[in-house]
Amino acid sequence: MATFKLNDIARAVYDASKDASSSERAKINENVVKFLAKHRLMKESKRLLEKIRKIEDEEEGNLTATVTTSRVLAEKSHTDIIHFLKNYYKAEKVEIKSEIDKNVIGGAKIEVGEDVLDLTISNKIHQLQAKLLKN
């Protein structure tokens, strides 16, 4: 029995449907559902959709970042983060999902996919402690 990787399935579905008409996409979707059912992968359908969306976003230059702070971001900070992420990831469009965490003392934690940029004060203190204990 063959094994299938969700990333490979997602890439195949994306490639097949990116330039397809709506009727062709309907047929592709129908075939994907049949394939998932046949190979007992229906429980993976949500993850498959997430992977397809991620491929689509990467191909179109879209980026979604989660920014965690202790309070609502100021407009300038919001704009600065978008500008930084556009340049760093060479993205056309950046969407920020803001999360408020009262446990964050100050600063921000920015997550893009598996990349994490922790600019919180507690992380800086932790890094300083590690350096001091190392020496």
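Bear in mind the structure is a predicted one, so any value in this text is a computation, not a measurement.

Here is what the cut-offs are and how they apply
- Residues numbered from 1 in each chain as written.
- Predicted model: local features only at pLDDT ≥ 70, side-chain atom pairs only at ≥ 80, totals over all residues.
- Heavy atoms only, no water.
- Salt bridge = Lys/Arg side-chain N within 4 Å of Asp/Glu carboxyl O.
- Helix = DSSP H or I, 4+ residues; strand = E, 2+ residues; numbered from the N terminus.
- Buried < 20%, exposed > 50% of the residue type's maximum accessible area, 1.4 Å probe, protein only.
- Phe/Tyr/Trp six-rings, centres within 6.5 Å; stacked < 30°, edge-to-face > 60°.
- Polar contact = N/O pair within 3.5 Å; in protein donor to acceptor, adjacent residues only side chain to side chain.
- Contact = heavy atoms within 4.5 Å.
- 1 Å grid on protein atoms, 1.4 Å probe; cavity = no way out; pocket = protein on both sides within 12 Å on 5 of 7 lines; lining within 4 Å.
- Points joined across faces, edges and corners; volume = space filled by probe spheres on them.
- Nonpolar A, V, L, I, M, F, W, Y, C, P; charged D, E, K, R; others polar.

(A) Local environment of the pattern of salt bridges. Tallying each qualifying case throughout the model produces six salt bridges. A salt bridge links glutamate 30 to lysine 27, with the shortest nitrogen-to-oxygen separation between them at 3.7 Å. Here lysine 27 and glutamate 30 lie together in helix α2 (residues 22-38), a separation of three residues that amounts to about one turn. Overall, the relative accessible area of 37% leaves glutamate 30 in the partly exposed class. For lysine 27, a relative accessible area of 44% corresponds to the partly exposed category. Among the ionic pairs, lysine 34 bridges to glutamate 30, the shortest N-O distance being 3.3 Å. Residue lysine 34 and its partner glutamate 30 are both found in helix α2; the two are separated by four residues, about one turn of the helix. Among the charged side chains, a salt-bridge network with shared partners connects Arg11, Asp15 and Glu59.

(B) Fine view of the packing of aromatic side chains. Evaluated as defined, the whole model comprises two aromatic pairs. The interplanar angle of 20° and the centroid separation of 5.6 Å between the aromatic rings of phenylalanine 84 and tyrosine 88 together place this pair among those described as stacked. Of the two residues, phenylalanine 84 and tyrosine 88 both sit in helix α4 (residues 75-89), four residues apart, roughly one turn of that helix. The class for tyrosine 88 is exposed, based on a relative accessible area of 56%. Arranged with centres 5.0 Å apart and planes meeting at 75°, the rings of tyrosine 88 and tyrosine 89 form a pair that is edge-to-face. Of the residues examined, tyrosine 89 reaches a relative accessible area of 27% and is grouped as partly exposed.

(C) Region of the structure containing the side chain of threonine 120. For threonine 120, the location among the structural elements is in the loop between β4 (115-118) and α5 (121-134). A polar side-chain atom of threonine 120 sits 2.6 Å from a polar atom in the side chain of aspartate 118. Not counting residues up to four positions away in its chain, the partners in contact with threonine 120 are Val104, Gly106, Gly107, Ala108 and Lys109.

(D) A look at the layout of surface pockets. Taken as a whole, the largest pocket spans an internal volume of roughly 710 Å³. What lines the largest pocket is a set of 21 residues, among which Lys54, Asp57, Thr64, Val112 and Gly113 lie closest to the centre. When residues of the lining of the largest pocket are traced back to their parent elements, those giving at least two are α3 (45-60), β1 (62-69), β2 (93-100) and β3 (109-112). Of the residues belonging to the lining of the largest pocket, the class tally is five nonpolar, five polar and 11 charged. Roughly 440 Å³ of internal volume is contained in the second largest pocket. Looking at the second largest pocket, it is lined by 18 residues, and the ones nearest its centre are Val13, Ser17, Asn29, Leu49 and Ile52. Only α1 (6-17), α2 and α3 provide two or more residues apiece to the lining of the second largest pocket.

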